[in-house]
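What follows is the residue order along each chain.
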Amino acid sequence: MIEAHTGAQVRAAETPFLERGDGPALMRRAAHGLALACSRRLRERRGKVAGARVVVLAGTGNNGGDGLWAGAELARRGAAVLAVATGDRLHPEGEAALRAAGGRVLSLGGPEGAGAAGRVLAADLVVDAVLGTGARGGLRGAAAALVQEVLDGLPDGAGPEVVACDVPSGVGADTGAVHGPVLPAGTTVSFGSAKAGLLLPPGEALCGRAVTVPLGLEPALPAPALRRLEPEDVAALWPRPGAGSHKYSRGVVGVVAGSATYPGAALMCTRAAVDAGAGMVRHLGDPETRRLVCLTSPEVVASEDHPTEVHVQAWVVGPGAVGDPAQESRIDAVLTGAVPAVVDAGALGAAARAAADGALGPGKVLTPHAGELAQVLAWLAALGVLEEAPEREGVEAEPARWAAAAAAATGAVVVLKGATTVVAAPGGLLLTQADGSPWLATAGSGDTLAGVMGAVLAACAEHPDAFAAAGSWARGENRFAVAAALAVAVHGQASRLGGLGPVPPTVLAQRVRDVLRARA
Ligand SMILES: NC(=O)C1=CN([C@@H]2O[C@H](COP(=O)(O)OP(=O)(O)OC[C@H]3O[C@@H](n4cnc5c(N)ncnc54)[C@H](O)[C@@H]3O)[C@@H](O)[C@H]2O)[C@@H](O)CC1
Ligand SMILES: Nc1ncnc2c1ncn2[C@@H]1O[C@H](COP(=O)(O)OP(=O)(O)O)[C@@H](O)[C@H]1O
Ligand SMILES: [K+]
């Protein structure tokens, strides 16, 4: 599990160390870790550190200090290190250390400043140490102009190796929000703990490989602001049957999906629930869709029942279920009922209305993409539940903020789907997953995810401690968010199984099965 913290959390943990006078030691430790990561990149790129051209973009604060100390270490190993001071001052001890090691300093505001971009572009490695957790907004003024000039001058697929110090400058350490121009990093070396912004879109895409340098303050860190499940967590947590299991104890998934106009969504959703290992899958819908479901997934029990007439552990409602009054009535019954449910696509509007009326039942997991979340937020604002609602672009710029706002306003878990998917629980728990291949961006991927999620939700619905192995944070209501993250992770892993390439939903569902057979 990757655990990430905010800058404020790391600073709070650091305070007792600073009060004991350990600040310089912490910085040396951080800088040493940064220098090691830079040395590794240089050896990969050119075989050795000695003789490498290194540019440190150094801001005025401690982030700049880390970069200067790391630069000093690289200079002692024979690299030619130039620090570009982006502000009106440098961390004094860091600057002295760099100069003592033979490094040089160029001031961006001085006479040589105009040549800085050329020096950056000609470097083997650039350390981005302008802004860290103390940043207010993004790069401004001369520093922003320098980075923009470098971005404009970067040859396609080439250019210097970029190692970001703690966080790429211009990426919000807590939010992942991107302000102004940012130099995309190949590696980001963070100190004490990964910063939450490294695991949140859109900033995540600019962070490259994430490396964390331990500082010794880790035991003093509070519960993380954000978590990410790794493949070994998925293998450990995915619900498995035991010798005493039977189909009902494993979890029955009820699917309210499809309509005469959109039968395919029901086929993909039910197929995925079967392939994700549900104890049993029921489908409720119109006669023609039911016939097709039975032909493509004979494992599924299809009927024209109303949700109140069948007993399931979890529902999946919404995929393709539009323009059919009988489906809409079924969806309303599920939304206001007490059984957990994945609420997707066509059911999201009804969920927003139910939430505004205080009628949305417990254990609901909404799965919008950014456009759908913007619509849900607009409905919630129109119904007086939220004060403001952004456009789709606003959601994409601050996905965690808006997923969390929707979760708080509805009392449901909100799964904001995308290349990085954000899972926000109403109590504040936040997880993000970035396991999927870009080939997942194809019609029907979401229907498949909904089916997979239904299977996990059904398995944990009656077991508040289903995921307690992950820690006490995963218990109770939070298990629904963990179930959602597990489904997102397996869906993403399945899309990459066997290499990158097209993964139409039928293939994807089979690969979900293969991922689970291999790992769970
Ligand atoms: N928290 C920790 O445990 C440790 C933190 N360290 C480093 O300390 C960093 C935080 O240091 P600071 O608190 O000094 O903060 P920063 O170095 O991130 O930035 C603060 C400086 O930048 C200026 N500034 C802020 N926003 C700006 C903007 N948009 N444009 C231009 N200038 C701006 C401020 O006026 C201030 O001088 C971390 O990111 C990390 O690199 C390490 O030295 C080791 C230990
Ligand atoms: N660029 C991308 N990289 C990785 N995964 C993606 C990307 N774009 C979309 N996805 C994933 O694909 C799925 C698409 O779901 P959705 O938008 O509901 O599609 P549909 O409604 O067509 O089924 C989601 O799981 C989402 O996270
Ligand atoms: K930085």
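Keep in mind that what you see is a predicted model, and the values were worked out from it rather than measured.

Caption draft 1: Geometry of helix α2 (residues 23-46). When the terminal C-alpha atoms of α2 are compared, their 34 Å separation across 24 residues agrees well with the 34 Å that a helix rising 1.5 Å per residue should span. All of the buried residues along α2 are L26, M27, A30, A31, G33, L34, A35, A37, C38, S39, R41 and L42. Trailing α2 by a residue or two, G47 shows a phi angle of about 90 degrees, which is positive.

Caption draft 2: Molecular detail of the pairing of strand β7 (residues 187-191). With respect to burial, β7 is a largely interior element, five of its five residues being buried. On β7, burial covers both faces: T187, V189 and F191 on one face and T188 and S190 on the other are all buried. Relative to β7, strand β6 (residues 161-165) runs parallel, the two sharing three bridges. Looking at the pairing, A164 lines up with T188 of β7. When β7 meets strand β9 (residues 209-213), the two strands line up parallel, connected through five bridges. If you follow T188 over to β9, its bridge partner there is A210.

Caption draft 3: Summary view of the site of ligand 2. Near ligand 2 lie 18 residues; those nearest to it are H369, K417, G418, G444 and G446. G444 places a polar main-chain atom, nitrogen or oxygen, 3.1 Å from an oxygen atom of ligand 2. Between ligand 2 and S445, the relevant distance is 3.3 Å, taken from an oxygen atom to a main-chain nitrogen or oxygen of the residue. With four residues, helix α16 (residues 445-460) is the single largest residue contributor to the shell around ligand 2. Residue classes in the shell around ligand 2 are distributed as six nonpolar, ten polar and two charged.

Caption draft 4: Quick look at the site of ligand 1. The environment of ligand 1 is formed by 23 residues, the closest being T60, D66, G132, G138 and D166. Note that an oxygen atom of ligand 1 is positioned 3.0 Å from one of the backbone N or O atoms of T133. A distance of 3.2 Å separates a nitrogen atom of ligand 1 from a polar atom in the side chain of R140. When ligand 1 is considered free in solution it has 870 Å² of accessible area, and contact with the protein chains removes 83% of it. Elements that contribute at least two residues to the shell around ligand 1 include exactly α1 (7-19), α2 and α3 (62-76). Considering each element in turn, the shell around ligand 1 owes the most residues, three residues, to α3. In the shell around ligand 1, the residues fall into eight nonpolar, nine polar and six charged.

Caption draft 5: The packing of helix α12 (residues 348-356) against helix α13 (residues 370-382), seen in detail. Relative to each other, α12 and α13 sit at 30 degrees, their axes nearing to 9 Å. On the basis of the axis angle, α12 is roughly parallel to α13. As α12 runs across α13, the sense of the crossing is right-handed. Of α13, the residues touching α12 (which contributes L348, G349 and A352) are E372, V376, W379 and L380. By residue class, the composition of the contact of α12 with α13 is five nonpolar, one polar and one charged.

Caption draft 6: Here's a closer look at the sheet that holds β7. The sheet built from seven strands is open, its strands ordered β4-β3-β2-β5-β6-β7-β9 with parallel pairing. In this open sheet, the two edge strands, each paired with only one partner strand, are β4 (104-107) and β9. Taking each pair of neighbouring strands and ignoring which way they run, the sheet shows an average axis angle of 20 degrees. With respect to the sheet, α2 is in contact with β2 (53-58), β5 (125-129), β6, β7 and β9, its orientation differing from that of β6 by roughly 170 degrees.

Caption draft 7: How the structure looks around the coordination of the potassium ion (ligand 3). Of the protein atoms, only N63 (OD1), D128 (O), L131 (O), C165 (O), V167 (O) and S169 (OG) coordinate the potassium ion (ligand 3), at distances of 2.6 to 3.1 Å. What the six donor atoms of the potassium ion (ligand 3) show is an angle range of 73 to 175 degrees at the metal, which sorts the shape as irregular. Sequence spacing of the donors to the potassium ion (ligand 3): N-x64-D-x2-L-x33-C-x1-V-x1-S. In this pair, N63 is assigned in helix α3 and L131 in the loop between β5 and α6 (141-153), connecting sequence segments 68 residues apart. Residue L131 is classed as partly exposed on the basis of its relative accessible area, which comes to 22%.

Caption draft 8: Representation of the packing of aromatic side chains. All chains considered together, the criterion is met by zero aromatic pairs. Positioned over the ring face of F17 is R20, at 5.0 Å from the centre of the ring. In this structure, R227 packs its charged tip against the face of W473, placed 4.1 Å from the ring centre.

Caption draft 9: Structural view of α12. The buried count for α12 comes to seven of nine residues, which makes it a mostly enclosed element. Listed in full, the buried residues belonging to α12 are L348, G349, A350, A351, A352, A354 and A355. Those residues of α12 hidden inside the fold are in contact with α11 (325-336), β15 (341-343), β16 (364-366), α13 and α15 (399-410). Looking one or two places after α12, you find G358, whose phi comes out positive at around 70 degrees.

Rules and cut-offs
Residues numbered from 1 in each chain as written. Chains lettered and ligands numbered in written order. Predicted model: local features only at pLDDT ≥ 70, side-chain atom pairs only at ≥ 80, totals over all residues. Heavy atoms only, no water. Helix = DSSP H or I, 4+ residues; strand = E, 2+ residues; numbered from the N terminus. Expected span 1.5 Å × (residues − 1). Buried < 20%, exposed > 50% of the residue type's maximum accessible area, 1.4 Å probe, protein only. Pairing = 2+ DSSP bridges. Near = heavy atom within 4 Å. Polar contact = N/O pair within 3.5 Å; in protein donor to acceptor, adjacent residues only side chain to side chain. Nonpolar A, V, L, I, M, F, W, Y, C, P; charged D, E, K, R; others polar. Areas by Shrake-Rupley, 256 points an atom, 1.4 Å probe, with all protein chains shown as cover. Axes fitted to C-alpha atoms, helices over the stretch in contact; angles between N-to-C directions. Parallel < 35°, antiparallel > 145°, perpendicular 65-115°, else oblique. Left-handed = near helix turned anticlockwise from the far one by under 90°. Contact = heavy atoms within 4.5 Å. Donors = N, O, S within 2.8 Å, 3.2 Å for Na, K, Ca; no water. Tetrahedral: all angles 85-135°; square planar, octahedral: opposite > 155°, others 65-115°. Phe/Tyr/Trp six-rings, centres within 6.5 Å; stacked < 30°, edge-to-face > 60°. Lys NZ or Arg CZ within 6 Å of the ring centre and 35° of its normal.

That is the geometry; function is a separate question.
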